[in-house]
Structure formats: C-alpha cells, structure tokens
Amino acid sequence: MGQAAARNPEHQHWMDCEGTWFIGVDALENFPDGSLPDGTPLKGNAVEFIKEHLGALPALHRAQLSITYPGYPKPRAGEGEAAFGYRLRRDAAHVDGVKMFGDSRNRRVEEPHAWVLGIPLNLSSPQAAPLVIWEGSHEVMRRGFSAAYKGIEPEEWHLVDVTEAYKAARAEVFETCKRVTVFAKPGESYLMHRLCLHGVALWAPEAPEQAEGRAIAYFRPDLVGGVPAWLSLP
Ligand SMILES: [Fe+2]
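Since we're looking at a predicted model, the values are computed, not measured.

(A) Structural context of empty space enclosed by the protein. On inspection of all chains with the given rule, the structure shows one cavity of 30 Å³ or more. For the largest cavity, the calculated volume is near 100 Å³. Taken together, 14 residues line the largest cavity, and the ones lying closest to its centre are Ser124, Phe183, Ala184, Arg214 and Ile216. For the lining of the largest cavity, the element with the most residues is strand S11 (residues 214–219), which contributes three residues. Its residues assigned to classes, the lining of the largest cavity shows 10 nonpolar, three polar and one charged.

Dropping the structure here:
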C-alpha cells in the first residue's frame, strides 16, 4: 500500500534528495479513523496510550508516508551547502511545525501538532536511516520557546519570529541531550512528544541495500488550542 502510494505518478513531486527520500505528505490513503482501505485498523499500545493520556483520537489526516532509500541523504532540491551539512552531521534535526515564513529563512510555529505517531510499514535495518531523537529535548525546547514568547499575548504567539530562540535551544540540546536512534518493526510503533527535537540519520553504508527503502507512516494531528496549548500541555 505504501509502496503503491510512493509509485503513484501524482505523488512524484514528493520525491526529493536526488531520489533518496520520498517525503510523502498526505500520501497514505487511510480513513479518518486511521484504518487502511484493506481494513487494517489503527490500534495498539501507542493508540491506547494516546486515548488514556492525551485525549480522544481526533479525525486523522492522511498520513505522511516517509520513505528513505539507500544512499540517503543527498541534498534536497535547492538545498545549500550549510543546510546539507546540517542534514549530514545533525540528522536535519528539527521540531515539527516550526516553519520558515516569508522570503527570509526565519521561522515561527505555524503547525502546532498534538503528538507524532510513527508506524513502520516494512522491515528494515536499524541502520537504514532511522529516526533520531534527543532525549529530554522537549523540555529544552519548551524553555526556549517560552522565553521567545515572554511578554507577548498568547493569541499572537503564532506570529512571533522564534528563529534565534530555536537555534539557541537546538544548540543546547546538541550539547546536553543524548542522541538516540529509534527502531521499530512492523506491528510496533512509536509516539514522540510534539516538542521533541528529532531528525533522520543517514542510510549507513553497512545497512543492506533495500530497493523498497524503509517506509514509515506518520500521524501528527493538529492540536486544538494552537501554539499556547502546544507549549504548555504536558
Ligand atoms: Fe519531523
């Protein structure tokens, strides 16, 4: 199913990094309850955890279908040397929803997500471009963004330029938090805190070649309550 979506001609604009990353936003044809057209339901411990601790499961968007291929990463289209260096050396680490705006490369929080649920769709090597997280980074990020919003009305927070605060918080995370690669098999999943700094490691040379790549579906529904909720909820 994921492989078919990646081959769909309508989705070819999502192929980037010189053919080593299918970004696949909204590419998986799941239903709002997360189930697939073949009847496979979205269920399991992570979903139960969400329902118990983070509120009812909202109507879900079509999942991002992120597939990396042997050789990842090559530069993204238009990616400069510095940004590609960051991809190579720092796993292109980011917090989801912190987006560039306007003509500058400045950033603000445009897409506050409730949580990020990753579901592996195929079996791959733990060295095949795994997700990377920095343990405890969500609290460093929370402090950093809070400082940037100090003295500003919460209704305005989505408009605040957080570029410098974000850079400083990332630097602190690299210095103080442990980098951990996350691996799961089909049938397992992982739930990531919405403020967690994360990225994708390279496809290690020792990882086996795998023409179908390593495929992960990601759900990250919008958070009701916008940036203030994004920053303050546990
Ligand atoms: Fe991400």
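(B) Inspection of a nonpolar patch on the surface at higher detail. A cluster of nonpolar side chains, contributed by Phe49, Leu54 and Leu191, occupies part of the molecular surface with about 250 Å² of accessible area. Assignment of secondary structure puts Leu191 in strand S9 (residues 190–192). What makes Leu191 partly exposed here is its relative accessible area of 30%.

(C) View of the layout of surface pockets. A volume near 1400 Å³ is recorded for the largest pocket. At the level of elements, strand S3 (64–68), helix H3 (81–90), strand S4 (98–100), helix H5 (163–176) and strand S10 (198–200) are the ones that each hand at least two residues to the lining of the largest pocket. When residues of the lining of the largest pocket are assigned to their parent elements, the largest contribution, five residues, is made by H5. For the lining of the largest pocket, a count of residues per class yields 22 nonpolar, 11 polar and 16 charged. By volume, the second largest pocket amounts to about 510 Å³.

(D) Representation of the sheet that holds strand S1 (residues 15–16). Read from one edge to the other, the open sheet built from six strands follows the order S1-S2-S3-S11-S6-S9, with strand pairing classed as antiparallel. Two strands in the sheet have a free side with no partner beyond their single neighbour: S1 and S9. As judged from the two bridges shared by strand S2 (residues 21–22) and S3, these two strands associate in the antiparallel manner. If you follow Phe22 over to S3, its bridge partner there is Ile67. Against the sheet, helix H2 (residues 45–54) contacts strand S6 (116–120) and S9, and its axis sits at roughly 35° relative to S9.

(E) Representation of the sheet that holds strand S7 (residues 131–134). Reading across from one edge, S8-S7-S10 is the order of the three strands in this open sheet, with antiparallel pairing throughout. One side of each edge strand has no neighbouring strand; the edge strands of this open sheet are strand S8 (179–182) and S10. Ignoring strand direction, the axes of neighbouring strands in this sheet form an average angle of 30°. By the bridge criterion, three bridges tie S7 to S10 in an arrangement that is antiparallel. In the sheet register, Val132 faces S10, and the bridge partner there is Gly199.

(F) Just unusual backbone geometry, in detail. That bond from Tyr72 to Pro73 is cis: its omega, 0°, falls within 30 degrees of zero. Unlike most non-glycine residues, Glu18 shows phi in positive territory, near 50°. Examined against the element boundaries, Glu18 turns out to sit in the loop between S1 and S2. What makes Glu18 exposed here is its relative accessible area of 59%. A positive phi angle is found at Asp26, which is not glycine, with a value near 60°.

Thresholds, definitions, all that
- Residues numbered from 1 in each chain as written.
- Predicted model: local features only at pLDDT ≥ 70, side-chain atom pairs only at ≥ 80, totals over all residues.
- Heavy atoms only, no water.
- 1 Å grid on protein atoms, 1.4 Å probe; cavity = no way out; pocket = protein on both sides within 12 Å on 5 of 7 lines; lining within 4 Å.
- Points joined across faces, edges and corners; volume = space filled by probe spheres on them.
- Helix = DSSP H or I, 4+ residues; strand = E, 2+ residues; numbered from the N terminus.
- Nonpolar A, V, L, I, M, F, W, Y, C, P; charged D, E, K, R; others polar.
- Patch = residues over 30% accessible without salt bridge, like charges linked within 9 Å, V, L, I, M, F, W, Y side chains within 5 Å.
- Areas by Shrake-Rupley, 256 points an atom, 1.4 Å probe, with all protein chains shown as cover.
- Salt bridge = Lys/Arg side-chain N within 4 Å of Asp/Glu carboxyl O.
- Buried < 20%, exposed > 50% of the residue type's maximum accessible area, 1.4 Å probe, protein only.
- Pairing = 2+ DSSP bridges.
- Contact = heavy atoms within 4.5 Å.
- Axes fitted to C-alpha atoms, helices over the stretch in contact; angles between N-to-C directions.

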